[in-house]
Amino acid sequence: MINALKEVERKRKAILEMGGHEKIEKLRRSGKLTARERIECLLDENSFVELLPFVESRNTDFGLKSLPADGVITGYGTIDGRPVCVYAQDFTVLGGSLGEMHGMKIARLFDFALEAGIPVIGLCDSGGARIHEGVDSLKSYGEIFRRNVEASGKIPQINVIMGPCAGGAVYSPALGDFVIMTKNKGCHMFITGPKVIEAVTGEKVSPAELGGWEVHAMKSGNCHLVADNDIKALELVKKLLSYLPLNSNECPPVVNTGDDPMRKTPEIYEIVPEDQKKPYDARELVKVIVDNREFLEIQPSFAPNATVGFARIDGKTVGIVANNPWFYAGCLDVDASDKIARFIRFCDCFNIPIITFVDVPGYLPGVEQEHRGVIRHGAKVLYAYSEASVPLITIIVRKAYGGAYIAMGSKHLGADIVYAFPTAEIAVMGPEGAAEIIFKKEIESSGNPEETRLEKIEEYRRKFANPVRAAARGYVDDVIDPQYTRMRIASALRVLERKQKRRKHGNIPL
Ligand code: HXC
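Criteria and cut-off values
- Residues numbered from 1 in each chain as written.
- Predicted model: local features only at pLDDT ≥ 70, side-chain atom pairs only at ≥ 80, totals over all residues.
- Heavy atoms only, no water.
- Core = buried A, V, L, I, M, F, W, Y, C linked by side-chain atoms within 4.5 Å.
- Buried < 20%, exposed > 50% of the residue type's maximum accessible area, 1.4 Å probe, protein only.
- Helix = DSSP H or I, 4+ residues; strand = E, 2+ residues; numbered from the N terminus.
- Contact = heavy atoms within 4.5 Å.
- Axes fitted to C-alpha atoms, helices over the stretch in contact; angles between N-to-C directions.
- Parallel < 35°, antiparallel > 145°, perpendicular 65-115°, else oblique.
- Left-handed = near helix turned anticlockwise from the far one by under 90°.
- 1 Å grid on protein atoms, 1.4 Å probe; cavity = no way out; pocket = protein on both sides within 12 Å on 5 of 7 lines; lining within 4 Å.
- Points joined across faces, edges and corners; volume = space filled by probe spheres on them.
- Nonpolar A, V, L, I, M, F, W, Y, C, P; charged D, E, K, R; others polar.
- Phe/Tyr/Trp six-rings, centres within 6.5 Å; stacked < 30°, edge-to-face > 60°.
- Near = heavy atom within 4 Å.
- Polar contact = N/O pair within 3.5 Å; in protein donor to acceptor, adjacent residues only side chain to side chain.
- Areas by Shrake-Rupley, 256 points an atom, 1.4 Å probe, with all protein chains shown as cover.
- Salt bridge = Lys/Arg side-chain N within 4 Å of Asp/Glu carboxyl O.
- Pairing = 2+ DSSP bridges.
- Right-handed = clockwise from strand over helix to strand, strands pointing away.

Peer 1: Any chance you could break down the nonpolar core for me, citing the residues and the numbers?
Peer 2: With 69 residues, the main nonpolar core has I121, F310, I340, Y385 and I396 as its most contacted residues. Here the element with the most residues in this core is helix α13 (residues 334–349); it accounts for eight residues. Among the nonpolar cores identified, the runner-up in size contains 29 residues, and A282, I289, I313 and A492 belong to it.

Spelled out as structure tokens, the structure:
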């Protein structure tokens, strides 16, 4: 028995040595942690239980030998005492490339996590399909993707990109819920790398220009959060998870934040200018309302005209959606629509109430937007709100014009409670544009067209562009003093706590 055990432990020791001293030192020199250190850093001390460490490749083509853990460490553990599954690709073992058995280990982990009803965290660092293993490797990618989709909307899936992520390696993160990228040297995501692009199209581009964190955080929208290094990225995973339930059958944990839900918010008088043309930063508005000003903004640099993220009110997790007039007047455009729709659908999957702050002049007009499909993308916002069955609480701050008014969590799409500030303007369009169209003749035939134009703008504003008209029809539950916003939301969250889920869905990448 003892001898047999010694033999097993000898094998295990070899596996724990990963790709060997030299490769580990190279990794360290580039400022990265090893795959095993990453897991240790992420999980509660001594909580990691490794599964399938002895799995090895069946392929021997091109001199392929048995590789430690086949290049990926899989298992489960706890974060802040809550269970999670985790896998970490080991770049020191053939560049973390994904062979048949490497992929099988990840697929099996997903099956296990689904049975257990707990999140999966992927720590990605991989050269993509293991070239030596050909179609076996592709098969395993397919098996993982199918699991990603099966788990979608049932358990949270968070991926951290900690090194290269090429070819097939990008799609499992893309099918998950959140992608966090590090600023590590050599950390990038792309389907086809610079060499292939140059060969096919003649374009010359560096890996960072093609798929570094700046590209994905600002332009492509593939990345939700960015961290300076491995340790900071793993801290972000923990923070993000603290807002989420373990699965779609549970509610997020309630935290004692110590912030009085009845606290008044008179700061809003200063933050939101009465002049509709003056911008303000919606994030400041959000921060004064939520517990302890803590707001985890998601995709802060992508489509910043829409602000989304997680916070707590009365200790409960809420999903925040806001138009942000600080950028492009808070217009809804193609990217903002995708960002908002996907966030709402995630919240709806995981029982997170949505608080919407509306200040939107409309969908962004322009040939480029129309040609990019603002109709199709804008429809996603309408779909997501209409489909959502979590509590929906909407605050109309200032402008709520046209289709964008309907789209941004209006009563008509199913909001449970809609409040308006006295500064709210709810109308088909802004008073200036409206007056120009419907009073065109009067303005043109007037002895003093400019004076008539201003009179007509004011007339339209009095009649339609104020919250009382909408409140009179029952489209707004009440016009509230902004200093009572936080307590009104806290009260709404309490009364809506038992709201029943209507239907379940996944979280398709939008
Ligand atoms: C097998 C691989 C590999 C791969 C890297 N390695 N990628 N082995 N299959 N895909 C090995 C290298 O041979 C090397 O082995 C070790 O990993 C480290 O790689 P280096 O090149 O030395 O490291 P670095 O300079 O940091 O470059 C990392 C890299 C580069 C950017 C990832 O290796 C690279 O471009 N790899 C190929 C990427 C790629 O085209 N993948 C296939 C995508 S197609 P030694 O023994 O020297 O340590 C694909 C299709 C799936 O994924 C589609 C599904 C939908």
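From this point on, the discussion continues.
Peer 1: Describe in detail the environment of I158, supporting the description with residues and values.
Peer 2: Structurally, I158 is set in strand β5 (residues 157–166). For I158, a relative accessible area of 1% translates into the label buried. Spatially, the C-alpha atoms of I158 and A311 are 18 Å apart, while their sequence positions differ by 153 residues. The residues touching I158, leaving out its near neighbours within four places in the chain, are V120, I121, G122, F178, I180, V237, L240 and L241.

Peer 1: How would you sum up the environment of I73? Please name residues and give values.
Peer 2: Position of I73 relative to the elements: it lies in strand β2 (residues 72–79). Of the residues examined, I73 reaches a relative accessible area of 2% and is grouped as buried. Considering only alpha carbons, one finds I73 and I106, 33 residues apart in sequence, at a separation of 8.9 Å. Excluding residues that lie within four positions of it along the chain, I73 makes contacts with A35, R36, I39, F48, E50, V86, Y87 and A88.

Peer 1: Outline the packing of α13 against helix α15 (residues 374–387), listing residues and values.
Peer 2: Between α13 and α15, the least distance of the axes is 8 Å, while the angle of their chain directions is 20 degrees. The angle between α13 and α15 falls in the class roughly parallel. Judged by the twist between their axes, the crossing of α13 over α15 is left-handed. Across from V334, S337, D338, I340, A341, I344, R345 and D348 in α13, the residues of α15 making contact are V374, H377, G378, K380, V381, A384, Y385 and E387.

Peer 1: An account of empty space enclosed by the protein is requested, with residue identities and associated values reported.
Peer 2: With a probe scaled to a water molecule rolled over the atoms, the places where space remains empty come into view. By the definition in use, this model includes one cavity of 30 Å³ or more. Each pocket or cavity is described by its volume, and for the largest cavity that value is around 70 Å³. Around the largest cavity sit Y87, Q89, L98, I106, C124, Y141, I144, G168, A169, S172 and P173, which together line it. Of the residues contributing to the lining of the largest cavity, the split by class is eight nonpolar, three polar and no charged.

Peer 1: Explain the packing of aromatic side chains to me, using residue names and the numbers behind them.
Peer 2: Counted under the stated rule, the structure contains nine aromatic pairs. An angle of 80 degrees between the planes, with centres 6.2 Å apart, marks the rings of F145 and Y171 as edge-to-face. Within this pair, whereas F145 is found in helix α5 (residues 134–151), its partner Y171 is found in helix α6 (residues 171–175), the two being separated by 26 residues in sequence. Pairing F346 with F350 gives two aromatic rings, centres 4.9 Å apart and planes at 40 degrees, and the pair type is tilted. Overall, the relative accessible area of 2% leaves F346 in the buried class.

Peer 1: Explain the site of the ligand residue by residue, including any values.
Peer 2: For the ligand, the set of nearby residues contains 17 residues, the closest of which are K23, G95, G127, A129 and G168. One of the side-chain N or O atoms of K23 is found 3.0 Å from an oxygen atom in the ligand. Out of a free accessible area of 1,000 Å², the ligand has 53% covered by protein chains. Counting residues per element, the shell around the ligand draws most heavily on α5, at three residues.

Peer 1: Go over the side chain of T485 with me, naming the residues and quoting the values.
Peer 2: Residue placement: T485 occurs in helix α21 (residues 485–495). Looking at T485, its side chain comes within polar contact range of the main-chain oxygen of P482, at 2.4 Å.

Peer 1: Kindly report on the pattern of salt bridges, identifying the contributing residues and their values.
Peer 2: Pairing is possible between side chains that carry opposite charge, provided their charged atoms lie close to one another. Applying the stated criterion across every chain yields a total of 43 salt bridges. Linking E143 and R146 is a salt bridge whose minimum nitrogen-to-oxygen distance equals 3.3 Å. A residue pair is termed a helical-turn pair when its members lie 3 or 4 positions apart in one helix, as E143 and R146 do in helix α5 at three residues. Its salt-bridge partner being E444, residue K440 comes within 3.8 Å of it at the nearest N-O pair. In this pair, K440 and E444 are both assigned in helix α18 (residues 440–445), four residues apart and thus about one turn of the helix distant. Judged by relative accessible area, K440 falls into the partly exposed class, the value being 47%.

Peer 1: Can you break down the pairing of strand β14 (residues 417–420) residue by residue, with the values?
Peer 2: Of the two faces of β14, the one holding I417 and Y419 and the one holding V418 and A420 are both buried throughout. Pairing of strand β13 (residues 392–401) with β14 involves four bridges; the strand directions are parallel. Residue pairing across strands places I393 opposite I417, the latter belonging to β14. Between the parallel pair β13 and β14, the chain is carried across by helix α16 (residues 402–407), and the sense of this crossover is right-handed.

Peer 1: I'd love a proper account of unusual backbone geometry, names of residues and values included.
Peer 2: In terms of backbone geometry, most residues other than glycine have negative phi values and most peptide bonds are trans. With a phi angle near 55 degrees, D70 is a residue other than glycine that sits in the positive phi range. As for its position among the elements, D70 is in the loop between β1 (49–51) and β2. Within the chain, Q299 stands out as a residue other than glycine whose phi angle is a positive 50 degrees. Note that Q299 resides in the loop between β9 (295–298) and β10 (306–313). Judged by its relative accessible area of 8%, Q299 falls in the buried class.

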